[in-house]
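These are the residues of each chain, in order.
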Amino acid sequence: MSGVSAGRVSTGRVSLVIVSHSEALATGVMQLAGQMAPVVTILPVGGTDAGGLGTSFAKIAAALEEVTRDDGRAVVLTDIGSAVMTTESVLEVLGDTIRARVALADAPLVEGAVAAALAVAGGADLAGVLAAAQGACVSRARSGGGPGEPGMSKTVSEVHATIEVMNPLGLHARPAAALARAMSRLEATVTIDGVDATSVLELMALGATRGRRLKLVATGPQATAARDAATRLITSSLGEL
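Residues numbered from 1 in each chain as written. Predicted model: local features only at pLDDT ≥ 70, side-chain atom pairs only at ≥ 80, totals over all residues. Heavy atoms only, no water.

Engineer: Hey, could you run me through the nonpolar core in this one?
Structural biologist: Across soluble globular proteins, nonpolar side chains show a tendency to be buried alongside one another. Leu179, Met183, Val190, Ile192, Val200, Leu203 and Leu216 are the most contacted members of the largest nonpolar core, which totals 35 residues. Within the residue set of this core, elements represented by two or more residues are α5 (109-121), β5 (159-164), α7 (173-184), β6 (189-192), α8 (200-205), β8 (213-219) and α9 (223-235). At seven residues, the largest contribution of residues to this core is made by α7. In this structure, Ala26, Val29, Ala105 and Ala133 belong to the second largest nonpolar core, which totals 24 residues. (Core = buried A, V, L, I, M, F, W, Y, C linked by side-chain atoms within 4.5 Å. Buried < 20%, exposed > 50% of the residue type's maximum accessible area, 1.4 Å probe, protein only. Helix = DSSP H or I, 4+ residues; strand = E, 2+ residues; numbered from the N terminus.)

This is the structure in structure tokens:
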């Protein structure tokens, strides 16, 4: 097993454990989520002890013991069926101390892992990372539509901007993650074309290609800072030119 970040899990830090029937799938999810949040510890646990398709009690147990050392915490994401049952069995055997430090997410594997990794990178605690994973499939409809549409209330403190996408491939995974991380660090509520600007998945779902003009609305104490940061990031091609 190897995580995205090197070395031992830091004290109190939330890590991710990816449990899949396939070693290749677990590793691939780790790599994808790690691209979004390279400082996060992510352990892939895939396949049987013999390397075939299935799950391994021993491998899951070893991963959970590793990530909970030194008061570490962990969110576990699984693919299907027996991955959940095996993880639950491991937690029963490992005892109360480790169980208290581990949360098993009811979330889609890929989307949940990406959302959870970004939450860890943003400093969320175990409950916050779990909530991010389990809220990974928020539909665009829930965001309330674009600026000026129903669901977007006007307030005196609103700040607006229209920003043109400059990078050649648009808001694909990596630039969307960079933008989401930047927005999550500020005390502001920010939407871009009506979606949550702190959600990499919702930003990617916009399908914003080069030349598209995005409408930003920000509210809160750091609304102006959020607008300026988003404008700077997007117009500088999010580091891709």
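Let's pick the thread back up.
Engineer: Please explain the pairing of strand β1 (residues 14-20) as it appears in this structure.
Structural biologist: Across a regular strand the side chains alternate sides, sitting on one face of the sheet and then on the other. Extensive coverage of β1 is indicated by the burial of seven of its seven residues. Bridging between β1 and strand β3 (residues 73-78) involves six bridges; their strand directions are parallel. Each bridged residue has a counterpart across the sheet, and for Ile18 the counterpart in β3 is Leu77. Bridge count for β1 against strand β2 (residues 42-46) is five bridges, and the pairing is parallel. Residue Ile18 lies in a different strand from β2, and its bridge partner there is Pro44. Handedness of the crossover joining β1 and β2 through helix α1 (residues 23-36): right-handed. (Pairing = 2+ DSSP bridges. Right-handed = clockwise from strand over helix to strand, strands pointing away.)

Engineer: Would you explain the sheet that holds β2 in this entry?
Structural biologist: Strands belonging to one sheet form pairs held by backbone hydrogen bonds; the direction of such a pair is parallel or antiparallel. One open sheet holds the four strands; their spatial order is β2-β1-β3-β4, and the pairing between them is parallel. Of all strands in the sheet, those bounded by a partner on one side alone are β2 and β4 (102-104). Here the strands of the sheet are splayed against their neighbours by 20 degrees on average, with no regard to which way each runs. Contacting β1 and β2, α1 crosses the sheet at an angle of about 165 degrees to β2. Lying on the sheet, helix α2 (residues 57-67) is in contact with β1, β2, β3 and β4; it crosses β2 at an angle near 170 degrees. (Axes fitted to C-alpha atoms, helices over the stretch in contact; angles between N-to-C directions. Contact = heavy atoms within 4.5 Å.)

Engineer: Whenever I open this one, the sheet that holds β8 confuses me. Can you help?
Structural biologist: With respect to topology, four strands assemble into an open sheet ordered β5-β8-β6-β7, the strand pairing being antiparallel. Edge positions in the sheet fall to β5 and β7 (195-196), since each of these pairs with one other strand and no more. Here β5 runs beside β8; their pairing, made up of six bridges, is antiparallel. Within β8, the position partnered with Val159 by the bridge is Ala218. In this fold α9 packs onto β5, β6 and β8, with an angle of close to 0 degrees to the strand it touches most, β5.

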